[in-house]
Amino acid sequence: DRSYRQMMSDKRTSQSILISGESGAGKTESTKIVMLYLTTLGSSHHQVKGDDAADNGASSGRASLNDVSIMERVLQPNPILEAFGNARTLRNDNSSRFGKFIELGFSRGGSLLGAKVQTYLLEKVRVGFHASGERNYHIFYQLLRGMTEEQKKQYGFHDGETHGLELANHYHMTGQGGAPQLREFTDEEGLKYTLKAMNALGWTENKIEEVLKLVAGLIHLGQIIFDSTESEGGQEVSLIQDENVLRNAAAMLDVDTDKLKAALTERLMITRGEGITIQLSPERAVEARDALAKTMYGSLFLWVVNEVNGCIGWEDDRAVRSSVGVLDIFGFECFAVNSFEQLCINFTNEALQQQFNKFIFKMEQAEYEAEKISWEFIEFPDNQDCLDTIQSKPSGILTMLDDECRLPKGSDRNWANRLYKQYIPNTGQTESENTRFLATPVQKSRAIFCVRHFAGVVQYTAETGFLEKNKDEIPLMAQNLFETAPSHLVKSMYNIQKMEFEEKSGKAKEGTAKGKPSKAKTVGMQFKEQLKNLMAKVETTEPHYIRCLKPNDAAKPKMLTRQRLTEQLRYGGVLEAVRVARMGFPVRLPHDAFFQRYRMLLPSTPENLLPWSMEKVPPQDLCIRLVDLLLEEGQRQKTEGSCSWKEDEIGRSERIRRMQKAPLPIAFPKMDVQLGLTKVFMRKPPHDALEAHRIFHQNTAAIFLQSWIRGMQQRRRFLIMGEAALTIQRFYRGCVGRARWWKLREADASDLLTKALRMLLCRRRYKRMKEGAIQYQSLYRGHATRRVLAATKIQTRVRMAKQHGAYRKLQSATIALQCALRMRVARKALLDLKHEQKDIGKLQANNEKLKMDMASLKAMLQAQAQGDKNKEESEKAIKQKQMQIGILEARIKQLEEELEKERKVVKKLEESVQAQTVQAEQQLEEIHNLRRHQRSLSSSSAHELERRQHKKPIASNFDSSSNLDAVSMDQVAEQQALVAKLEDELEAERRFRREADGEIIKLRAQMSGVPLNDSDVDAYVSQKLDQKEADSQLVEKRDKTETPPEVTGTEVTKDDKIVQRSPSEYFPLIRRGFASEKEAGKEEEQVVTSGWQREVSNRKEREEALREEVNQFESKAQRFTRIMEDGIDVTMWQLNRNAGLGPEETSDEFVLKSTAVHVKLHRRGDLLVQAVLSFSARGGYLSKALGRKKGDASSLEPLPIHEILSVRAGCVGYDQSLLPSASKSKSKGKGSDNKHSSLFLTVGATQTPMATSRVFFLRFKSRAARNNLMMGLRGLLADMQVHEGVSISSIHMPRTDSVQSRRRLLGGKAAEHSHEEEIATTIEMDPAEHADVMIPLIDVHYLINKEREAYDRLLLMMLQGSADLKDKEDEEMALREKLEEALVESFEKDRVAANDSKLIMQLSKKLETLLMDNEDLRDQNDRLNTRLVVLECSQLENMNS
């Protein structure tokens, strides 16, 4: 839009729009959009009448185009040029393989007159070869895939010859890269668009048919295959394998078959005016075939461009007053192997970048000079040295390439050596003086050189046909073929190419002798002249730049790579332009715009000091005065500070302004704002400060206007409501009057009805009363009789109920007293039994653990003995250990028998306690009987009753006497002696266990090859035992501590009545932890959205949603323990890691490998520490080694909960895909089950004598099962951590040791329920009557500790969740790195595979050549032998004759 407006300005200057960017950045699509916009603007001014029709330049010879508008004609060439000049590359599906400059001509009135297209450097190499994954030009695939069956027969394409392949994959020219489909559109649709554009441009059907026929001929030309044969002179020459293919290609190309054959298999050389024909070898014939195809396709492209220009161009150049040129040029390219085309393309981008630098930076500085402001010179990058390195004479790269092409024996290697001598002549030098030319010794040996462009260093390979591509000569045989072709299209193509070549070559230089022909120009020289003319044309116009950026290299939508964008901005010079602009004055405004924009910042400044209008005062003076006043106002605000908005003297506007948060005062150096002749130049800090204050004043004004408008709305609403109220009142009064009149009428009518109705009612009432009186008398008499009888029954029931009530009260009191006494006796007996059985329980646990260790040791020894049968010393040691193990097992059996005897003794004691309890109940019953009959006894028998009571002990001394009578002192002494004996045996067993552990450690060290002394073994074993004894002593100390006296906060005497209340009456009920049993029963199966993510309209709905989800989570959390107790089927691996006692590395050993296990939570007591995870396996390595049966559920060692160190999601510390399988046969079938880490759970455990650390890998069948077990284990670990008394959070409250010991004994919820029952049993009284009641501190501490424990449990769960999140992030980063490495490896493999395929093809061709040569030599040898035989025969005949 800016280019069109500048073109239509008074200067009428021509414009140019330069579109650049990388391949696939969208240059072609941007060109279409620009063309559409410009042609739309030009066609809006176009008229087809009068003089304007003459200005359009339409001639009478183009009558067929009159029906199509100029806009449509200018836009129609795009599909044609894309079909013949665009192809699919690895970076872009529709990559332009040529550059084009489209010039749009406009008349004086802005009407579009026509357009001209100029092309640059078509990539003709793609016709003969394209890489894997790429395609040839679109027109080939459009023709093969969009033809009808008739056209296939017409052009000689038969599906039966492809052997089931698609046509595009079968033919050589289109199937080299696999003929992939395009993502945006299909080739069938592309052919329709191309034919539609040709018809719109006025091409006849015959012309379109000839073009498509020629394209089909090129496809058939690529199918010609050459065989090797021997000429008469013994040289290898080429022979066409299938003549039918040759004739088909000649028919489609419309050329002579013999001349086409000669052009493919022969070469004509003219020496001293005489022509010499040379037969070509098969390799040279293939090169001649590709060269002919490239020449014909290049000529066809030039012919298409010429036809397009003839259809869309203007006739009269004088009618064109100005023009707009759109340049769509190839972007910067850098591939793995770069050749002549990439050098020319990058040379073009260098020239365009230099023009961009000159235009942008010089224009910036020119504007500063024109405005006459003080500024410093800004340096900008200049790439003129790179252009000189490429094009300068006589040492430029292209210039030296042209010189090498003129030499008779010039080659790519010689040209590269000349470049090395020119730019890096010294030994060891790798970089030229201007740092633009680079080459290392390795690159020199491979004929490779590098050029440092503005976008980076590009490596060019010289031996890729630089000389052949630069020459681009038409062979003489091909010229003869074109000149004598019967086709008009082929002749026209050849004439256009010849004419363009002559125009580019030009005339001979001045001073050249007449008669000498001018030297033919190379492609490099032609390209330099085209680029020079293009730059000259661009410099005569006002350029505009469009930078196309490629968001990502994957060609995917909604994905942006910041690094790629930054690189493109840097390569395009945009970042450098921004840097230069920031160094200068990036913000510039005209004087009037600056004053009008920032005058509002001083609303209180009077008119005489700074006027609001700019009519009578020069704008520059006003701007200077405005800047000075703004700086003074900012200094004043800085010194005075902020003012209060509560002052009475200020107005509403000032009060609103003071109530808002004001920005910082305006303060900046005055030199940052420069006033030019027509504009004000500002740096970024002053501009930001002024804009911040402007936004502040705009917001203040908006709020002020809103307040006035709202007041007006309220006043208007009040007036409307007042008028409506009056209307409603009038209507209401009318309704009330009409209702009163209607009621008077109804009253008159009702009097008449009332009289008659009263008479009827009185008569009916009399009859009913008479009948009712008779009936009532009968009912009353019967009721009176029944009432007398009922009163008698009630009296008897009441008397009986009083007697029963007295009896029940006495009975309930008796039962309560009996229960209290029984509870005391049972509690004391329970404590005694627990203290007596403590050491016995520990002995049993140690014996069980010793049995498991011995069983595992036995299994390992047997496995080691089977593996090392040749080691006699180890076998003897194993036999000795087995004998010791047998002795220990016999001893364990003996101890178990003794334990069984002790259990029987304990059982007898329990039976005696029960008997004593029964006796106590009988005594209490006798006491209550005595008390019940005490009231009826007379005073004379009181002494006798007291004597009977002294004979039987009462409840006051019952506690002390009952226990002494139940258990005698002899029994207690006997039990103490037995306990001492068991302790001695336990100490002996510990000593034996210590010796066995030492021997096991020695054996393990000998197996690992580490020598150990007895002192080292004793130190290691003693350290373990000391640690265990310290732990046991700590537990005993906790159990034996006495309960300190309870502090309640007040001293209560015996006479005072203490009324305890529940702490819930004084503290708010906070719902935390698990849900109640009633709520836990309401399990909902359906999944709901999270409370934070649910769409709610107010806070109440959000709280309700959160509460509902928390209840569901609590009910689900209660199911975790039940699920663990029921058991879960998993596949388990157990990894034992031994750090080693010597300097050896850590060794890992899988004890279990892919074993199917049933995991189940088993509680051995009320404490959480006593809970274990039991593993039940069916068979496996360990069970086979132990010789157990398959049905034995205890074949695997259980894992106590207190030995678990960590529970983490996934396979942590080991790659799940590398986990070993149970056997070799199963590893093949189940390798894919370990791919998903979301099904794994890693459990870390403490060290054992067998390993320094243990890791359990569990694989579940589903993610839900994994999550259930993980949450259950973490909940148990958190509960155990909290219930052990270790405080995690910062909340610390005093708690008595009695409560701790009680909680430790009962464990978790049992302690909570017991204490809650004690609080619930307290007497609840009226708060008004007992306002001074004090709460026991132990109850308060209990509830606070309960809340602290819930908070600690929540912190532990959150800590584990944060650890899981970090692990997932680390895993995601590792997967990303692996993905990037895999992509790099795949790219490298593809490149290596492509090179290998090329090498294999070359080797196969050479092998075929060698085999054919061998066969020829054999034929020659046979012929020579036959000749020798003939000669000898003839000699013998001569001798005989």
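Keep in mind the model is a prediction, meaning the values are calculated, not measured. Think of each chain on its own: its residues are numbered from 1, step by step along the sequence as written. Only residues with pLDDT of at least 70 are given local features in this predicted model, and only at 80 or more are side-chain atom pairs given and counted; all residues enter the totals for whole chains, interfaces and linings. To get the side-chain values, take all heavy atoms of the structure and skip hydrogens and water.

What follows concerns the overall build of the protein. A tally of helices and strands in the protein yields 43 helices and 24 strands. With 1441 residues in all, the protein has 35% of them scored as buried. What makes two residues a contact is simply this: any of their non-hydrogen atoms within 4.5 Å. A separation threshold of at least 6 residues defines the contact pool for the protein, and within that pool the share at least 24 residues apart is 70%. All accessible areas in this document rest on Shrake-Rupley with a 1.4 Å probe, and a residue is counted as covered only by the protein chains that are shown. On the protein, roughly 88,900 Å² of surface is accessible, and the fraction owed to carbon and sulfur atoms is 54%. Numbering goes from the N terminus for both helices and strands, where a helix is a DSSP run of H or I of at least four residues and a strand is a run of E of at least two. Exposure is judged per residue with a 1.4 Å probe applied to protein chains only, and the accessible area is read against the type maximum: over 50% gives exposed, under 20% gives buried, and values in between give partly exposed.

What follows deals with the sheet that holds strand 1 (residues 15–21). On the basis of which strands lie adjacent, the open sheet formed by 5 strands has the order 5-4-10-1-14 and mixed pairing. The open sheet is flanked by strand 5 (112–120) and strand 14 (542–548), the only strands paired with a single partner. Neighbouring strand axes in the sheet, compared pairwise and without regard to direction, differ in orientation by 15° on average. The strands that helix 24 (residues 523–539) touches are strand 1, strand 4 (99–106), strand 5, strand 10 (322–328) and strand 14; relative to strand 5, the one it contacts most, it runs at about 145°. Here, any two strands with at least 2 DSSP bridges between them count as paired. All axes here are fitted lines through C-alpha atoms, helices being fitted over the stretch that makes contact, and every angle between N-to-C directions spans 0 to 180 degrees.

As a further point, take the pattern of salt bridges. The rule for a salt bridge is simple: a side-chain nitrogen of Lys or Arg has to be within 4 Å of a carboxyl oxygen of Asp or Glu. One pass over the structure, following the stated rule, counts 36 salt bridges. Two residues, glutamate 463 and arginine 413, come together in a salt bridge whose shortest N-O distance is 3.2 Å. One end of the pair, glutamate 463, is in the loop between strand 13 (456–461) and helix 21 (466–471); the other, arginine 413, is in helix 19 (residues 412–423), and 50 residues separate them in sequence. Residue glutamate 463 is classed as partly exposed on the basis of its relative accessible area, which comes to 44%. Taking relative accessible area as the criterion, arginine 413 reaches 27% and is therefore assigned partly exposed. Between aspartate 688 and lysine 684 there is a salt bridge; the shortest N-O distance is 3.7 Å. You can see aspartate 688 and its partner lysine 684 sitting in helix 30 (residues 684–867), 4 residues apart, about one turn around the helix.

Along the chain, lysine 393 connects to proline 394 via a cis peptide bond; the corresponding omega equals 5°. Inspection of the secondary structure puts proline 394 in the loop between helix 17 (384–391) and helix 18 (397–406). Backbone geometry places leucine 121, a non-glycine residue, at a positive phi of 50°. Checked against the element boundaries, leucine 121 lands in the loop between strand 5 and helix 6 (125–128). You will see that serine 1154, though not glycine, has its phi angle at about 50°, which is positive. You can see serine 1154 is positioned in strand 19 (residues 1147–1163).

Burial analysis of helix 5 (residues 77–85) places 8 of its 9 residues in the buried class, which makes it a mostly covered element. The set of residues buried in helix 5 consists of Pro77, Asn78, Ile80, Leu81, Glu82, Ala83, Phe84 and Gly85.

Let's shift gears to the packing of aromatic side chains. Aromatic pairs are defined between Phe, Tyr and Trp rings, using the six-membered ring for Trp, whenever the two ring centres lie within 6.5 Å; interplanar angles under 30 degrees are classed as stacked, those over 60 as edge-to-face, and all others as tilted. Enumeration according to the criterion identifies 24 aromatic pairs in this entry. A centroid spacing of 4.8 Å and a plane angle of 85° characterise the contact between phenylalanine 356 and tyrosine 545, whose relative ring orientation is edge-to-face. Here phenylalanine 356 is found in helix 16 (residues 340–371), whereas its partner tyrosine 545 is found in strand 14, with 189 residues between them in sequence. Taking relative accessible area as the criterion, phenylalanine 356 reaches 6% and is therefore assigned buried. Residue tyrosine 545 is classed as partly exposed on the basis of its relative accessible area, which comes to 21%. Judged by centre distance (6.3 Å) and plane angle (25°), the rings of tyrosine 776 and tyrosine 780 are stacked. Taken as a pair, tyrosine 776 and tyrosine 780 lie in helix 30 at a separation of 4 residues, close to a single helical turn. Among the aromatic side chains, those forming a connected cluster through ring pairs are Phe340, Trp415, Tyr420, Tyr423, Phe437, Phe449, Tyr460 and Phe466. The criterion for a charge sitting over a ring is simple: Lys NZ or Arg CZ within 6 Å of the ring centre, and within 35 degrees of the ring normal. The side chain of arginine 135 reaches across the aromatic face of tyrosine 141, ending 4.1 Å from its centre. A cation over a ring is seen here: arginine 547 above phenylalanine 356, with NZ or CZ 4.3 Å from the ring centre.

One can find threonine 1242 in strand 23 (residues 1240–1245). The class for threonine 1242 is buried, based on a relative accessible area of 7%. Nitrogen and oxygen atoms within 3.5 Å of one another constitute a polar contact, given that in protein one can donate a hydrogen and the other can accept it, and given that sequence-neighbouring residues count only through two side-chain atoms. At 2.5 Å, the side chain of threonine 1242 and the backbone oxygen of glycine 1210 are in polar contact. Other than its neighbours up to four places away in sequence, threonine 1242 contacts Ser1206, Val1207, Arg1208, Gly1210, Cys1211, Val1212, Val1255, Phe1256 and Phe1257.

Inspection of helix 22 (residues 476–483) places Met477, Ala478, Leu481 and Phe482 among the buried residues, and these make up the whole buried set. For helix 22, the arc enclosing every buried residue in end-on projection is 135°, short of the 170-degree limit, so these residues lie on one face. An arc is given here, and it is the one of the directions from the helix axis to the C-beta atoms.

A separate point is a negative patch on the surface. In this analysis, a patch consists of residues with relative accessible area above 30% that form no salt bridge, clustered at 9 Å for like charges and at 5 Å for the nonpolar side chains Val, Leu, Ile, Met, Phe, Trp and Tyr. The convention is simple: Lys and Arg are positive, Asp and Glu are negative, and His and the chain ends are not counted. Note that the charge is assigned to NZ on lysines, CZ on arginines, CG on aspartates and CD on glutamates. A grouping of Glu230, Glu1415, Asp1419 and Asp1422 is seen on the molecular surface, where their side chains present a negatively charged patch. Considering every element that reaches the negative patch, the biggest residue donor is helix 43 (residues 1337–1440), with 3 residues. Tracing the backbone through its elements, the reader meets glutamate 1415 in helix 43.

With that settled, consider a positive patch on the surface. A cluster of basic side chains, namely Lys901, Lys904, Lys908 and Lys981, defines a positive patch on the protein surface. The element best represented in the positive patch is helix 31 (residues 872–934), accounting for 3 residues.

This part covers the confidence of the model for the protein. One number per residue, pLDDT, summarises how confident the predictor is, and it ranges from 0 to 100. Averaged over all residues, the pLDDT of the protein is 76; the fraction at 70 or higher stands at 75%. Note that residues 47–63 has pLDDT below 50 and, in this model, 19 contacts with residues that lie over four places away or in other chains. Below a pLDDT of 50 lies the segment residues 1293–1314, which in the model reaches 42 contacts outside its immediate sequence neighbourhood of four places, other chains included.

With that settled, the discussion passes to the environment of serine 228. As for its placement among the helices and strands, serine 228 is situated in strand 6 (residues 226–230). Look at serine 228 and you get buried, because its relative accessible area is 19%. Counting along the chain gives 55 residues from serine 228 to glutamate 283, while the straight-line C-alpha distance between them is 9.3 Å. Not counting chain neighbours up to four residues away, the residues in contact with serine 228 comprise Glu236, Val237, Pro282 and Met1412. Looking at serine 228, its side chain comes within polar contact range of the side chain of glutamate 236, at 2.7 Å.

This part takes up the environment of glutamate 103. Looking at the element boundaries, glutamate 103 is found in strand 4. Sequence-wise, glutamate 103 and glycine 313 are 210 residues apart; in three dimensions their C-alpha atoms are separated by 9.5 Å. Looking at glutamate 103, its side chain comes within polar contact range of the side chain of serine 323, at 3.2 Å.

On to the sheet that holds strand 22 (residues 1204–1209). Here we have 7 strands laid out as an open sheet, ordered 21-20-19-18-24-23-22, and antiparallel in their pairing. What marks the edges here is a single partner per strand, and that holds for strand 21 (1199–1200) and strand 22. Two strands pair when backbone bridges link them, and strand 22 and strand 23 are joined in this way by 5 bridges, in the antiparallel orientation. In the strand pairing of strand 23, isoleucine 1204 is matched with alanine 1245.

Within a regular strand, side chains alternate between the sheet's two faces. Burial along strand 15 (residues 587–590) is one-sided: the face carrying Val587 and Leu589 is buried and the face carrying Arg588 and Pro590 is not. Sheet topology places strand 15 next to strand 17 (residues 679–682); 4 bridges connect them, and they run antiparallel. Bridging from a neighbouring strand, proline 590 pairs with lysine 679 of strand 17.

Among the structural elements, glutamine 1281 can be located in helix 40 (residues 1263–1283). Sequence spacing of glutamine 1281 and leucine 1168 is 113 residues, and the spatial spacing of their C-alpha atoms is 9.5 Å.

Let us look at the pairing of strand 20 (residues 1171–1177). The element strand 20 is largely enclosed, with a buried count of 5 among its 7 residues. Where strand 20 and strand 21 come together, 2 bridges link them in antiparallel fashion. Directly across from leucine 1173, in strand 21, lies its bridge partner leucine 1199.

A separate point is a nonpolar patch on the surface. On the surface, a nonpolar cluster with roughly 330 Å² of combined accessible area is contributed by Leu1379, Leu1383 and Phe1387. Residue position: phenylalanine 1387 is located in helix 43.

Quick look at the packing of helix 7 (residues 138–146) against helix 12 (residues 205–221) now. Helix 12 packs onto helix 7 with a crossing angle of 100° between their chain directions and a minimal axis gap of 10 Å. As the angle between them shows, helix 7 and helix 12 are arranged roughly perpendicular. The segment helix 7 lies against helix 12, with Ile139, Phe140, Leu143 and Leu144 engaging Leu212, Val215, Ala216, Leu218 and Ile219. Under this grouping Gly is polar, as are all residues other than the nonpolar Ala, Val, Leu, Ile, Met, Phe, Trp, Tyr, Cys and Pro and the charged Asp, Glu, Lys and Arg. In terms of residue class, the contact of helix 7 with helix 12 is built from 9 nonpolar, no polar and no charged. An angle counts as roughly parallel when it lies under 35 degrees, as roughly antiparallel when it exceeds 145, as roughly perpendicular when it falls between 65 and 115, and as oblique in every other case.

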